[in-house]
Structure formats: structure tokens, C-alpha cells
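# Chains, contacts and geometry: an overview
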Amino acid sequence: MGQWIIVCVGFCVLVVIVIPSIIVRGCGLTTSPPTPPLSSDEDTVKVFVVPSNEIQEMPLEEYIKGVVAAEMPASFGIEALKAQAVAARTFALKKMTAFGGTGCTANPGADVCTDHTHCQAWISQDELRERVGYINYPIYARKIQDAVNSTRGLVTVYQGNLIEACYHAASGGATDNSEEVWSNPLPYLRGVSTEFEAKEPDFRKEFRFTMDDLEKKLDTSLKEQKATTYKVAGKDVQVISTERMDKPIEILAASKAGRVKEIRIGNKVFSGYTLRTLLGLPSTKMTYRVVGNEILIVTTGYGHGVGMSQYGANVMAEAGKSFEEILKHYYQGIEVVSYTE
Ligand SMILES: [Zn+2]
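### A few points about the sheet that holds strand β2 (residues 54–59)
Spatial strand order, β2-β1-β3: three strands in an open sheet with mixed pairing. Looking at the sheet topology across the chains shown, the edges are occupied by β2 and β3 (112–113). Pairing of strand β1 (residues 44–49) with β2, which is carried by six bridges, proceeds in the antiparallel orientation. Note that in β2 the partner of V49 across the bridge is E54. Seen against the sheet, helix α2 (residues 60–71) touches β1 and β2 and runs at an angle of roughly 110° to β2.

### Concerning helix α9 (residues 272–279)
Looking at α9, one finds that the buried residues are G272, L275 and R276. Axial view of α9: buried residues confined to an arc of 100°, hence all on one face. Against β11 (260–265) and β12 (268–271) lie the buried residues of α9. Just past α9, the residue G280 takes up positive phi, approximately 65°.

### Thoughts on the pairing of strand β7 (residues 205–210)
Put simply, side chains in a regular strand alternate between the two faces of the sheet. Burial runs low along β7: only zero of the six residues are buried. The pairing of β7 with strand β14 (residues 294–299) spans six bridges and is antiparallel. When the sheet's bridge partners are listed, E206 is paired in β14 with V298.

### Notes on the sheet that holds β14
Either a parallel or an antiparallel arrangement is found when strands of a sheet pair, and the pairing is made through backbone hydrogen bonds. If you walk across this open sheet you meet the three strands as β7-β14-β13, and the pairing is antiparallel. Both outer strands of the open sheet, β7 and β13 (286–291), are each paired with one neighbouring strand and no more. Between one strand axis and the next, the sheet turns by 20° as a mean value, whatever way the strands run. As paired elements, β13 and β14 share six bridges and run antiparallel to each other. Of the residues in β14, the one forming a bridge with M286 is T299. Sheet strands touched by helix α8 (residues 211–218): β7 and β14. Its angle to β7, the strand with the most contacts, is close to 90°.

### Regarding the nonpolar core
Residues Y63, V68, A83, A92, I144 and I326 are the most contacted members of the largest nonpolar core, which totals 64 residues. Sorting the residues of this core by element identifies β1, α2, α3 (78–95), β3, α5 (137–149), β4 (154–158), α10 (310–318) and α11 (323–330) as the ones contributing at least two each. Ranked by residues supplied to this core, first place goes to α3 with 10 residues. Each residue touching Y63, except ones within four places of it in the same chain, is listed here: V45, V47, M58, A92 and W122. Among the nonpolar cores identified, the runner-up in size contains 10 residues, and M211, L214, L222 and I295 belong to it.

### Considerations on the confidence of the model for the protein
Across the protein, pLDDT averages 89, with 88% of residues at or above 70. Segment residues 5–40: pLDDT under 50, and 20 contacts once partners within four positions in sequence are set aside and those in other chains are kept.

### Examining the environment of K321
Position of K321 among the secondary structure elements: in the loop between α10 and α11. By the C-beta count within 10 Å, which is 20 here, K321 ends up buried. Put simply, K321 and A80 are 241 residues apart on the chain and 8.9 Å apart in space, counted from C-alpha to C-alpha. Look past the residues within four positions of K321 in its chain and what remains in contact with it is E79, M316 and I326.

### A few points about α10
Among the nine residues in α10, eight count as buried, and that is most of the element. Within α10, burial applies to Q310, Y311, G312, A313, N314, V315, M316 and A317. Of the surrounding secondary structure, the elements contacted by the buried residues of α10 are α3, β6 (167–168), α7 (195–198), β15 (308–309) and α11. Of the residues flanking the end of α10, it is G320, one or two places downstream, whose phi is positive at about 90°.

About the cut-offs
- Residues numbered from 1 in each chain as written.
- Predicted model: local features only at pLDDT ≥ 70, side-chain atom pairs only at ≥ 80, totals over all residues.
- Pairing = 2+ DSSP bridges.
- Helix = DSSP H or I, 4+ residues; strand = E, 2+ residues; numbered from the N terminus.
- Contact = placed C-beta atoms within 7 Å.
- Axes fitted to C-alpha atoms, helices over the stretch in contact; angles between N-to-C directions.
- Buried ≥ 20, exposed ≤ 12 C-beta atoms within 10 Å, placed from the backbone.
- Arc of directions from axis to C-beta.
- Core = buried A, V, L, I, M, F, W, Y, C linked by C-beta atoms within 7 Å.
- pLDDT = per-residue confidence, 0-100.

Written out as C-alpha cells, the structure reads:
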């Protein structure tokens, strides 16, 4: 009996402590790769890091590694990761004051922030390790490093100018022209809907809201006053009552791909973007149904739907397309060039 306990304990020590340490140590990336010192020939970027709320200055290419790690699953195809690296670098350069950009408008003194709803997400190597786990970390960190290093300095330009390299998680089957979602039409941000978009996961999600819930969340009223006429002693008598609207929700304008541009809910009209923010919806590509006292909203896709779809990029990478082909699919008429040359 005693011998068995010793064997069991020995086995557990081997499995739980020794083997993982060999696997991890064998890859030589158990700790964060040290941040290379700033060299005079390398551009640096001032990054406002949330939630520590401090500005960190880092080499541009190191920053791009953190953006790729945060913005795209490292399990995606390498060409998709490369396309992400180029889009992230273009986005950053366009913002950087050293290249004539405005910087992060929410955080004076910074070129970009790590709030993905404002600039683009970024995580440190420690956060990446936490996210993917100790076992996967060396493989994924290496893959991201390869994607960034092999596209070093590459950006996308339209007629010689850096583009607004917008991207989103999933298109829900089709991307949209920029003016369908925001106001300004950009010649390279055109909606695409091909076999690649059709093969993306659709991220279909259902949201149920009671009428009361919607009224509170949107500060609107789903009731209307109705006049009913009765005959009382031979005379018409009108009685005004407050009742639920017959048509509490109505899409007033939608893009070609089906994203809501304007929607009326109760007695208020919202832009698709505002509704998405207020209700915490993943996308404005939506349909709705009124079911009794509830409104059922079904969304597909994830994100604003303009520019590169990250899941679409992965579909293309898996189909053997290069990062350049991916970028030229989502950003039309662009060129991929090195900004340092
Ligand atoms: Zn920002």
C-alpha cells in the first residue's frame, strides 16, 4: 500500500511539475522576450495603455506585435496574421503625429490608445501568455513575431497615401461601403460579398428585450395614445387611452449588406451605431420580430462591417491566398509598400 502511494505521488510530481517545465523551458520562451532598446533608426510610438492609463513609448514593430496578439486569434492562418500586421501598422502610422496624424484624440500626448473601441487593442507578452496559456505561448508568440517581422515596414496606400485601414471581426456575409456605416465615402472601402465572406462563421446571436426593458435602455416610449369612439345615448363619445404601439419597431434605412442605418424604436429614431452601443449588440446587421411582449433582435457578424473582416481574412488564408491578396480584396485599389523606402 505504502509503495503504491509513493509511486502515485512520484507520478503526479512528474506529470504536474516536471514535464510541463521541460516542455516550456525547452522552447526557450518562458519569460517575456525583452523589449529591444530604442534605436535611432527605428520609429517609436507613444501608446496610451489602458487600464494602467500611462503612456508607454515603444518601438513601432514591437507595438504591432502586441496589436496582432490582441486583435486576432494566433491560431489563425499565418497570411491572415500578416494581413493583420500590415493593417495595424497602417492604422498606427496614419494616427502618429510624426507622420502628420492627429494622435489619439481621446488621450493627448499619445499616438494611439489600447482601447479597441477607440484606436486598436494591444496586449503585452505577459497578457498574451495568460490568454493562450503557458503551453501554447511559445508557439503563438513565435507565429505573431514571424507575421510582424516578415512584413516589417509594410503598409497599405491608396494613390500614395496611407489608407484608413479599418477592420472588424466578422462581416456576417458581406462588408459595406464606408458611407453606409459612417458618413464619408472612401474609394478603397467598398463592400465585398464573395465566397470568402459566405464561408465565415456568421456569429448569429439572438437578443430578447421586453418592451419595458427597451423603454428603459433607450429612453423611449413604446406606447401611443389611441382614440376609441363609443355610442353613448345616441351620441359619439371619444375615449383616449394609452396602449402599446401596433408597430413598436421599424427599420427606416439599411445598407445593401443589411446593416441598419436608421431605426425607429417607439417614438425615437436611432442610428444603427447608437442602437448597437446602447443595447450592446455585436453588429448592426440585424432582423427583428415582435413576440408577444418581447422584441427579438437577431444579429449576424461582429463589428462595424467596413474594411477587412478578420474571420474572412482567415478563410482566405486557409484557401491559400497571400496577405497581399487578402489586403487587396478588402481594401480596393490599394498598394502594399514599405513606408521606410
Ligand atoms: Zn485612442
